[in-house]
Amino acid sequence: EHGDAQPMIINFPNLNPIVTARGTVAFKAMVDGDTATCEISAEALQAFGATTNQPHDLLTAFVSGKCTIHDVARKLYPHTAGRWLLVSTNFESNSN
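Residues numbered from 1 in each chain as written. Predicted model: local features only at pLDDT ≥ 70, side-chain atom pairs only at ≥ 80, totals over all residues. Heavy atoms only, no water.

(A) Summary view of helix H2 (residues 55–64). Along H2, the residues that are buried comprise Leu58, Ala61 and Phe62. Looking straight down H2, one finds that the buried residues subtend no more than 105° of arc, so they occupy a single side. Counted as exposed and oriented over 90 degrees from the buried face of H2: His56, Val63 and Ser64. Looking at the buried positions of H2, the neighbouring elements they touch are strand S2 (18–19), strand S3 (25–31), strand S4 (34–40), helix H1 (42–45) and helix H3 (66–76). (Buried < 20%, exposed > 50% of the residue type's maximum accessible area, 1.4 Å probe, protein only. Helix = DSSP H or I, 4+ residues; strand = E, 2+ residues; numbered from the N terminus. Arc of directions from axis to C-beta. Contact = heavy atoms within 4.5 Å.)

Written out as structure tokens, the structure is:
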């Protein structure tokens, strides 16, 4: 039996996301019980209504797109090396 055959359990605790110094929105995830941080770029948040890079706009867009953002984050998690960062191209295939 392979230990990695189990699907990872990824949950997103309902904590407030934060805007980082890099201009991304960072939010917490629990991956198999360990805390991880995922980020989404300001550019990707334009798909959810962000019209500027102001923190208020980014956070409002994040909240409105949260379900989709979490779904995409779940799909991408095991494949991202180092930083877990969602960019606009990660959402393009979702729009059809």
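(B) Summary view of the nonpolar core. Phe27, Ile40, Leu45, Ile69, Trp84, Leu86 and Phe91 are the most contacted members of the largest nonpolar core, which has 23 residues in total. With four residues, S3 is the single largest residue contributor to this core. Not counting residues within four places of it along the chain, the set of residues in contact with Ile69 comprises Phe27, Ile40, Leu45, Phe48, Phe62, Leu86 and Phe91. (Core = buried A, V, L, I, M, F, W, Y, C linked by side-chain atoms within 4.5 Å.)

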